[in-house]
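The lines below spell out each chain.
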Amino acid sequence: MIVVARSNRSVLGSWWWTVDRVLMLGFAILAVIGLILVFAASGPVAIRNNNPATYFVERQAIFLAASIALMLCASMLSPRGVLRLAWFLLAVFIGLTALTPYGPEVKGAHRWLDFGSFRLQPSEFVKPTLAVAVAWLLARSQGLRGLWPSLLPVCLALVMLARQPDIGMAFVVAAVFGIQLFLAGLGWGWITAAAGAGIGGLWGAYLFYPHFTQRVDGFMDPSQEVYQVDKAMNAVASGGLLGRGPGEGVVKFQLPDAHSDFIFAATAEEFGVITCLALVGLFFFLLFRALRRVSGLHDRFCLLAAGGLAAQFGLQAFINMAVNLNLMPTKGMTLPFISYGGSSLLAFGLSMGLLLALTRRGARLELVR
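Fair warning: this is a prediction, and the values are worked out from it, not measured in the lab.

### Let's talk about the overall build of the protein
Link 1 in the chain: On a plain count of helices and strands, the protein comes out with 13 helices and two strands.
Link 2 in the chain: Taking 369 residues into account, the globule formula puts the C-alpha radius of gyration at 21 Å, and the protein, at 21 Å, falls close to it.
Link 3 in the chain: Taken over the C-alpha atoms alone, the protein extends approximately 55 × 55 × 40 Å along its principal axes.
Link 4 in the chain: Looking at the 369 residues of the protein, the share that counts as buried comes to 52%.
Link 5 in the chain: Intrachain contacts of the protein at a sequence separation of at least 6 include 74% that bridge at least 24 residues.

This is the structure we're talking about:
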C-alpha cells in the first residue's frame, strides 16, 4: 500500500489528499465489473465474427488499462489545465467528427473512423470536452451574456451528430446543455424555451430520419416486434432473481450487441435481477457522490463543468438501462464503463478524470473576462 504523508507538498502528495479517492475507486471497480461482464457476454459474438472467443475481452482489457491511466492522469490537472485540455481536444475531435461521413457505414450510420484495427468514434470525446468548454463560456458572463456564445459550439456539435446520424448522442448533448443552463441560473423561461427546442428537434428527427421513425413507432406500438428489444426483455424475464448462472445465458447467442448496447440484459439473464439492482445501486452511489462534491464547489466554472460531466455519466447510464428494459426507444448507447467499446471506455476515463480534477478540494479557476 502506498502511503503519502499529508505534509508532502509534491504534485503527487497534493493530488492524493485533495482528490475524491472513494469516487475514483468506484469508477475503477465499475470498469473491472464491466470487464467481467464483457467476458461473460462476448464469446458467442466474437465467434460469429470469426474471431477467437476471447477477442473482445482481450481488447476490452487493453482499453480498460488505458482508460484508468487516462483517468488518473486527467485527475491530476488543475482547473486551468482541464480547460486548456478540453478546448484542445474539442477542436481535434470536432474536426474528426466532421470527417465521419467519409468513414465506414455501420447499420446505416457514419459515426466512426478506422485507424488500422482500431475504430474510433470521435463524438464520444466531443461530449465531455464540450461540457467543459460550455461551462467556461457560461461562467465568464452572467445570465444571457453567457448563453449566446455557448450556443455556437453546442449547435455545431448537434449539426455534426445529426449528419451521422446519431440522434441519441445529440439528445444527451442537448440535455446536458440544458442542465448546465439550469445550474448557471438562467430563468425558467429560457430553460423552457430550450426544452421546447429540444422537443422540436426530436420531432424533426422523427419526421426526417426513417431509422429513428421506425424505432419510435416500434416502441409506441406493442404489436410491432422489435427484434433486439424483444430478445432483451425475454432475457431479463428468464433470468429471474438469481439468473441462469455464469455462462448459461442464451441472449448472447442471438443478439449482435449483447456485449455492448444490450449488456445489461445479458447480465440480467446470467446473473439475475439482484445483480442488476446492485449494479444500478453502484451507478446511483457514484452519481450521488459526484453530485455531492459538485454541490460543495464555490467556483462557478468548476461547478458548471463538473455538473455537466456528472449529468452525462448519469444520463447515459439511465438511457442504456431504460432501453434494455423497453422503457425508451433503442438509442445505440453504451453503458458507461460496462459495455464493450474502446472509444466509449477511453472517453469515460477522460470524462471522469476531468470530473475528479474539478472536484478536488480547493479547485478554483480565476476567470479572465
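### Let's talk about the pattern of salt bridges
Link 1 in the chain: Applying the stated criterion to the full structure yields seven salt bridges.
Link 2 in the chain: A salt bridge links aspartate 20 to arginine 289; the shortest N-O distance between them is 2.9 Å. Highlighted residues: aspartate 20 in the loop between helix H1 (11-18) and helix H2 (21-48) and arginine 289 in helix H11 (residues 263-295), separated in sequence by 269 residues.
Link 3 in the chain: Across the pair lysine 252 and glutamate 270 runs a salt bridge whose closest N-O atoms are separated by 2.7 Å. Taken together, the positions of lysine 252 in the loop between helix H10 (227-239) and H11 and glutamate 270 in helix H11 put the pair 18 residues apart, joining distant regions of the chain.

### Details of helix H5 (residues 123-140)
An α-helix turns once every 3.6 residues. As a result, residues three or four positions apart point the same way.
Link 1 in the chain: Between its terminal C-alpha atoms H5 stretches 26 Å, which fits the 26 Å expected from 18 residues at 1.5 Å a residue.
Link 2 in the chain: The buried count for H5 comes to 16 of 18 residues, which makes it a mostly enclosed element.

### Brief notes about the packing of H2 against helix H3 (residues 55-75)
Link 1 in the chain: It is the contact of H2 with H3, at a shortest axis distance of 8 Å, that shows an interaxial angle of 165 degrees. On the basis of their axis angle, the class for H2 and H3 is roughly antiparallel. Between H2 and H3 the crossing geometry is right-handed. Along its contact with H2, which presents Met24, Phe27, Ala28, Ala31, Val32, Leu35, Val38, Phe39, Ser42, Val45 and Ala46, the element H3 presents Tyr55, Phe56, Val57, Gln60, Ala61, Leu64, Met71 and Leu72.
Link 2 in the chain: Class assignment of the residues belonging to the contact of H2 with H3 gives a composition of 17 nonpolar, two polar and no charged.

### Looking at the packing of helix H8 (residues 188-208) against helix H9 (residues 210-220)
Link 1 in the chain: Direction vectors running N to C along H8 and H9 enclose 105 degrees, while the axes themselves pass 5 Å from each other. In terms of orientation, H8 and H9 fall into the roughly perpendicular class. Residues Leu202, Ala205, Tyr206, Leu207 and Phe208 of H8 touch H9, and the partners they reach there are Pro210, Phe212, Thr213, Val216 and Asp217.
Link 2 in the chain: Broken down by class, the residue content of the contact of H8 with H9 amounts to eight nonpolar, one polar and one charged.

### Quick notes on H2
Link 1 in the chain: Between its first and last C-alpha atoms H2 spans 41 Å; for 28 residues at 1.5 Å apiece the expected length is 40 Å, and the two agree.
Link 2 in the chain: The axis of H2 is deflected most strongly, by about 50 degrees, at serine 42, and proline proline 44 appears within four residues downstream.
Link 3 in the chain: Structurally, the start of H2 carries an N-cap: the backbone nitrogen of valine 22 is 3.2 Å from a side-chain oxygen of aspartate 20.
Link 4 in the chain: Asparagine 50 sits one or two positions beyond H2 and adopts a positive phi of about 60 degrees.

### Description of the packing of aromatic side chains
Link 1 in the chain: The tally for this structure, following the rule as stated, stands at 13 aromatic pairs.
Link 2 in the chain: Summarising the aromatic geometry, the rings of phenylalanine 27 and phenylalanine 337 are spaced 6.0 Å apart at their centres and angled 35 degrees between planes, so their arrangement reads as tilted. Residue phenylalanine 27 is located in helix H2, and its partner phenylalanine 337 is located in the loop between helix H12 (300-324) and helix H13 (342-358); the two are separated by 310 residues in the primary sequence. A single burial state applies to phenylalanine 27 and to phenylalanine 337, both of which are buried.
Link 3 in the chain: Pairing phenylalanine 313 with phenylalanine 348 gives two aromatic rings, centres 6.5 Å apart and planes at 75 degrees, and the pair type is edge-to-face.

### With respect to the side chain of threonine 213
Link 1 in the chain: Within the secondary structure layout, threonine 213 lies in helix H9.
Link 2 in the chain: Taking the relative accessible area as the measure of exposure, threonine 213 reaches 17% and is therefore buried.
Link 3 in the chain: From its side chain, threonine 213 meets the backbone oxygen of tyrosine 206 in a polar contact 2.3 Å long.
Link 4 in the chain: The contacts of threonine 213, once residues within four sequence positions are left out, are Ala205, Tyr206 and Leu207.

### Some thoughts on unusual backbone geometry
Glycine aside, the phi torsion of most residues is negative, and most peptide linkages are trans.
Link 1 in the chain: Across the junction of glutamine 164 and proline 165, the peptide omega takes the value -10 degrees, indicating a cis bond.
Link 2 in the chain: Locating proline 165 in the fold gives a position in the loop between helix H6 (144-163) and helix H7 (167-183).
Link 3 in the chain: A positive phi is found at asparagine 50, a non-glycine position, where the angle reads about 60 degrees.
Link 4 in the chain: Along the polypeptide, asparagine 50 turns up in the loop between H2 and H3.
Link 5 in the chain: Take asparagine 50: its relative accessible area is 72%, and that puts it in the exposed class.
Link 6 in the chain: The residue asparagine 326 is not glycine, and still its phi comes out positive at about 60 degrees.
Link 7 in the chain: Checked against the element boundaries, asparagine 326 lands in the loop between H12 and H13.

The rules behind these values
- Residues numbered from 1 in each chain as written.
- Predicted model: local features only at pLDDT ≥ 70, side-chain atom pairs only at ≥ 80, totals over all residues.
- Heavy atoms only, no water.
- Helix = DSSP H or I, 4+ residues; strand = E, 2+ residues; numbered from the N terminus.
- Rg over C-alpha atoms; globule rule 2.2 N^0.38 Å.
- Buried < 20%, exposed > 50% of the residue type's maximum accessible area, 1.4 Å probe, protein only.
- Contact = heavy atoms within 4.5 Å.
- Salt bridge = Lys/Arg side-chain N within 4 Å of Asp/Glu carboxyl O.
- Expected span 1.5 Å × (residues − 1).
- Axes fitted to C-alpha atoms, helices over the stretch in contact; angles between N-to-C directions.
- Parallel < 35°, antiparallel > 145°, perpendicular 65-115°, else oblique.
- Left-handed = near helix turned anticlockwise from the far one by under 90°.
- Nonpolar A, V, L, I, M, F, W, Y, C, P; charged D, E, K, R; others polar.
- Bend = angle between axes of the 7 residues up to and from the residue.
- Polar contact = N/O pair within 3.5 Å; in protein donor to acceptor, adjacent residues only side chain to side chain.
- Phe/Tyr/Trp six-rings, centres within 6.5 Å; stacked < 30°, edge-to-face > 60°.

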